[in-house]
Structures are given as structure tokens and as C-alpha cells.
Amino acid sequence: MVFLDDSLRVKIGLAEMLKGGVIMDVTNAEQAVIAEKAGATAVMALERVPADIRKEGGVARMAPISKIREIMASVSIPVMAKARIGHFSEARILEALEVDYIDESEVLTPADEEHHIDKRGFKVPFVCGARNLGEALRRIAEGAAMIRTKGEAGSGNIVEAVRHIRTIVKEMRQLTVLGNEELVAESKKLQAPLELVQYVAKHGKLPVPNFSAGGIATPADAALVMSLGAEAVFVGSGIFKSDDPDARARAVVKAATHWNDPVKLLEASEDLGIGMFGLDISKLQESELLQTRGW
Amino acid sequence: MPIAGVLALQGDFEAHQRVLAGLGLSSVQVRTAAGLAGCGGLIIPGGESTTMLKMIGYENLLEPLREFGRSKPVFGTCAGAILLAREVSNPVQVSLGLMDISVERNAYGRQVHSHVARIAIDEEEVEAVFIRAPVIRRVGPSTRVLARFEGTPVLVDDGLHMAATFHPELTSSDRVHRLFAARIR
């Protein structure tokens, strides 16, 4: 494939290493250590977890550099950090800081309402959110090396994550039965490059790993999205907004490995205390949704 | 027909299974001690070694894996190589200790220093993908160096076990996996 140069292969390579694991949102070194000790494959450094961003409002930006440094110094696993959609200056700063992955994230307040970051020129890899195949392929065309379904961050409600992973998997499956001329029409409909549409039609999957995020609060939630085709999970507010973050972090890590083993899932689900408070998405105002940011 | 096990606690185990399938070798995903039964050899894939160690602890797999590796071939890539080593640094952590090597984690630095290189195995050039890779700092007398990059060993072999600090499973070449496949009985 023309678009798969050495730089992109190395970026996708790290995403490959994170498969079957859990990436946890953390806001300080203490939480990062809890995540690493529980078996997280990576941590995401941010100023406030999505549930707090949702509650407190205001503009959500890249985390303070001192916080990210503190987190990077405290663990040996990869450290990711979020930049605002379209905010390539935040991304350049995070690259200079040598974070391992940048999440161009709808959880932060977008900096550009028309353009995402041109991610190809960066040495550091990017992950981007998507709700459907067209969105995923547009982000990959811009240079994203990992896709995560958006779900609805900070909601503690899995319904949107399920909708998004099901949508992407179904749209990919549909492409595999189409003829060449039909793929050209699909490319137009999906607003995605033909080369990427042809790749998906041939392989039945994205050219980059496909993870799930946004609303995962229990080991069962993690197992559900893994069963539906997610290759790893991001847990945001679900760990540190629960009763017992240590126990819950361990349980979700076990669920990401044993998602297909009900007995192991039962073990992982015992004695967890109370999970984070969840929101009914249908009761949220359109303006409160984070998933509609980005295009 | 011999069957290869691929430790599937976390990481790029499916990439290894694809290479093995290309060699006509059946493989199974191993997540428990019981899963090791019937395997003629084991691959420990790339991934996060700390995560794999946690899962090994949760599943009480440390002794079963050591026992398996005393008599059967085991091949580790990147995190797998870290788990096979006798000593691990940066930071110091537990390992299976099946190979007489010392390994330093993340020795090239963070992800922006990950890279693709060309190395030689028996004078044949192959691609080597290094992702937040470890470096083998010491090789014991019974261990042979099969390939080097910039002077340091990147592929080592003690006759039963093999360790690569790079990811042959992420390239189109099956050169390294063929060496391992030949040992599976």
C-alpha cells in the first residue's frame, strides 16, 4: 500500500502492542501508578476526566505540561495526552515533550471547527475518535494510526460506544461484498479516499487498529465492546469516578483479556463496589454531546 | 501435527498467528495454565511487559510458564524477550528467566525514537521494526547472537529459546519465525 510508509508502520506498531489491553485516563502521578499496577497498557494524561469536564463546563484544553511530565516520570508504560481537535500547536508541544501517542480528542473543546490536524507530518502517532466508517477513514487519511470509537465520554453509559462499534463493523462488512465500480460510489458517499475504501473492502477491517472508548464503566462493558470487534479499550471516568479504583482497574484489565470467558468475567466482576454514576443519553441536550464534535 | 501456542494475555498475538499460519503451522491462543497443554512451543508476543506480568500474576502462570520453557521451545519478541530474560532493568522487574541475557527496557527512548531498520541474519537482509524497544545488554556464554543492530544483539538463541528485541511479526518476512517453527515438535 502506498500510504503505508515506514513512519506510519512504526506508529501503527505501537497501537498493535496495545491490543487486548486497557488505556486509562489519569490526572496525576498517583492515579498513573494505580493504573500501571493494575495492568493498564498505557495511560492518558489529562487535566480533568470527561465526567468532570461535563459537570464543570468551561473550555477543556491540553493538560498542563507539569502534570504530563509528572505522569511520564511516574510510570514505564506509554503515556498519551489529548490535544484539541485542529490544535496543531498543542500537538507540536506534546510531540516535543515526547508523549507516546496524541489523542486528537472531542473530549476537549475543539480549536478548529473545519479542520482536523494534518497528522502525517508528525513523528508521534495520533489516535482519533470516530462514530462511523467515513469518519474513521477520513481520520486515517489525515494520518491517524489508531481509531477509537467515540461513544459518549464521561457518561458511564455504554450505549453510544456500542452504537459506534456496531456501525463501523457493519459498514466494513458491507464493503466486502461490493464490486469495484460500487466502491467508487461508496468512496463518494463515505467522503473517504478510494484507496482506503478498497483496503477495507479487501480486508474487512481498518488499516489501523480499532479500539473502543466512551462510556465503559464495568468489566462487562469492556467485554461487550471487545466481543463486538474492538481490539482494546479506553476507560476514562469509569475507573477514578468509581468507589474502588484499584479493584475496578484490575477488573477491567482482566476483562479485556478474558472477554470471551464468562467464568473469568464473573470472577473479575465480583466485589467491585459501586460504579460511576451513569447518564441517560436521551436526556442530554444536543449541545451536551461530545461525540458530535469533529467531522 | 505440532501446534504452537501464542501467549494471548495482551499484545500483538494475532500478528504472530498470521505468520505461523503462513508457514502452515496451527496455533492456539494461550490465556491459562491449562491452555499450555498440547503446545509444542510457545510464542510470547510484543505488547506491554508490565501488563503481561500482571496477567501472569492474576492467572498464577509464572511457574507453569517456567516449567513449560525448561523443556519446550519459547520465542519472545520485544515484551516477550523482556519476559524471557534473566535480568531486566529500567525498571527492575520479575521475569521468567529462561534465557541467560540481561535486558534494558525502552532503551532507545520513547515512541518518537521507534524505527524500522535493516539487519542481517546469516548475511540475509531482513527488516526489523523496533517499537519502544529494549536492548540486550549482556549475553551469557551459552547464548548465540544471530543478528545485531548498531553493534548490539537484537536476535539471540540458546538452542531452545529465541528472543528478538524487534517485531518480525510486523513485517512480510517469515525468516525469523521459520527458525522457531523448525523446533516445534
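For clarity, every value in this text was computed on a predicted model and none was experimentally measured.

## Description of the nonpolar core
Point 1. I68, L94, V99 and V233 of chain A together with I44 of chain B are the most contacted members of the largest nonpolar core, which totals 82 residues.
Point 2. Contact partners of V99 of chain A, with chain neighbours within four places excluded, come to I68, M72, V79, A81, L94 and V124 of chain A.
Point 3. Formed by 42 residues, the second largest nonpolar core is a distinct cluster that contains L137 and L206 of chain A together with V116 and V129 of chain B.

## Looking at the sheet that holds strand β5 (residues 85-89) of chain B
Residues and elements named next belong to chain B.
Point 1. Reading across from one edge, β5-β6-β9 is the order of the 3 strands in this open sheet, with mixed pairing throughout. Two strands close off the open sheet at either side, each with one partner strand: β5 and β9 (135-139). The mean angle between the axes of side-by-side strands here comes to 25°, regardless of whether they run parallel or antiparallel.
Point 2. Note: β5 against strand β6 (residues 99-104), 4 bridges, orientation parallel.

## Quick word on the pattern of salt bridges
Point 1. Within this structure, the stated rule accounts for 38 salt bridges over all chains.
Point 2. For R175 of chain B, the salt bridge is made with D122 of chain B, and the minimal N-O distance between the two is 3.8 Å. Of this pair, R175 of chain B sits in helix α5 (residues 175-181) while D122 of chain B sits in the loop between β7 (115-121) and β8 (124-130), placing them 53 residues apart in sequence.
Point 3. A single network of salt bridges, built from pairs that share partners, joins D6 and R9 of chain A together with R118 and E127 of chain B.

## Quick notes on the confidence of the model for chain B
Point 1. Looking at chain B as a whole, its pLDDT mean stands at 97, while 100% of the residues score no less than 70.
Point 2. Our summary of model confidence lists the complex with pTM equal to 0.96 and ipTM equal to 0.96.

## Thoughts on the packing of helix α8 (residues 180-190) of chain A against helix α9 (residues 194-203) of chain A
All names here are of chain A.
Point 1. Look at α8 against α9: their axes get within 9 Å of each other, and the N-to-C directions meet at 115°. Seen along the crossing, α8 lies across α9 with a hand that is right-handed. Where α8 approaches α9, its residues L183, V184, E186, S187 and L190 are matched on the opposing element by L194, V197, Q198 and A201.
Point 2. A per-class count over the contact of α8 with α9 returns 6 nonpolar, 2 polar and 1 charged.

## A closer look at the packing of helix α2 (residues 29-38) of chain A against helix α2 (residues 49-58) of chain B
Point 1. For the pair α2 of chain A and α2 of chain B, the least separation of the axes is 8 Å and the interaxial angle reads 55°. Between α2 of chain A and α2 of chain B, the crossing angle belongs to the class labelled oblique. Between α2 of chain A, through E36, K37 and A38 of chain A, and α2 of chain B, the contact on the second element is made entirely by T50, K54 and Y58 of chain B.
Point 2. In terms of residue class, the contact of α2 of chain A with α2 of chain B is made up of 2 nonpolar, 1 polar and 3 charged.

## What about the packing of aromatic side chains?
All names here are of chain A.
Point 1. Going through the model one piece at a time under the given rule, you end up with 6 aromatic pairs over all chains.
Point 2. On the numbers, 5.1 Å between centres and 75° between planes, the contact of F122 with F126 is edge-to-face.
Point 3. Accessibility expressed as a relative area gives 8% for F122, which makes it buried.
Point 4. By relative accessible area, which is 0% here, F126 ends up buried.

## A few points about the interface of chain A and chain B
Point 1. Listed per partner, the contact involves 34 residues of chain A and 35 residues of chain B.
Point 2. Of the charged contacts, one joins R9 of chain A and E127 of chain B as a salt bridge, the two residues approaching to 2.9 Å between their closest N and O atoms.
Point 3. Across the contact surface, chain A and chain B share 23 residue pairs in polar contact (both at pLDDT 80 or more).
Point 4. Counting residues per element, the ones that place at least two in the side of chain A that touches chain B are α1 (6-17), α2 and α12 (245-257) of chain A.
Point 5. Looking at which element gives the most residues to the side of chain A that touches chain B, the answer is α1 of chain A, with 8 residues.
Point 6. Its residues assigned to classes, the side of chain A that touches chain B comprises 13 nonpolar, 8 polar and 13 charged.

## A look at the pairing of strand β3 (residues 79-84) of chain A
Residues and elements named next belong to chain A.
Point 1. Where burial is concerned, most of β3 is hidden: 6 out of the 6 residues are buried.
Point 2. Relative to β3, strand β2 (residues 42-45) is paired through 3 bridges, and the arrangement is parallel. Directly across from M44, in β3, lies its bridge partner M80.
Point 3. Bridge analysis of β3 against strand β4 (residues 101-105) gives 5 bridges, and the strand direction is parallel. Its bridge partner lying in β4, A83 is registered against E104.
Point 4. In this view, the connection linking β3 to its parallel neighbour β4 by way of helix α5 (residues 88-96) has right-handed handedness.

What counts, and where the lines are drawn
- Residues numbered from 1 in each chain as written.
- Chains lettered and ligands numbered in written order.
- Predicted model: local features only at pLDDT ≥ 70, side-chain atom pairs only at ≥ 80, totals over all residues.
- Heavy atoms only, no water.
- Core = buried A, V, L, I, M, F, W, Y, C linked by side-chain atoms within 4.5 Å.
- Buried < 20%, exposed > 50% of the residue type's maximum accessible area, 1.4 Å probe, protein only.
- Contact = heavy atoms within 4.5 Å.
- Pairing = 2+ DSSP bridges.
- Helix = DSSP H or I, 4+ residues; strand = E, 2+ residues; numbered from the N terminus.
- Axes fitted to C-alpha atoms, helices over the stretch in contact; angles between N-to-C directions.
- Salt bridge = Lys/Arg side-chain N within 4 Å of Asp/Glu carboxyl O.
- pLDDT = per-residue confidence, 0-100.
- Left-handed = near helix turned anticlockwise from the far one by under 90°.
- Nonpolar A, V, L, I, M, F, W, Y, C, P; charged D, E, K, R; others polar.
- Parallel < 35°, antiparallel > 145°, perpendicular 65-115°, else oblique.
- Phe/Tyr/Trp six-rings, centres within 6.5 Å; stacked < 30°, edge-to-face > 60°.
- Polar contact = N/O pair within 3.5 Å; in protein donor to acceptor, adjacent residues only side chain to side chain.
- Right-handed = clockwise from strand over helix to strand, strands pointing away.

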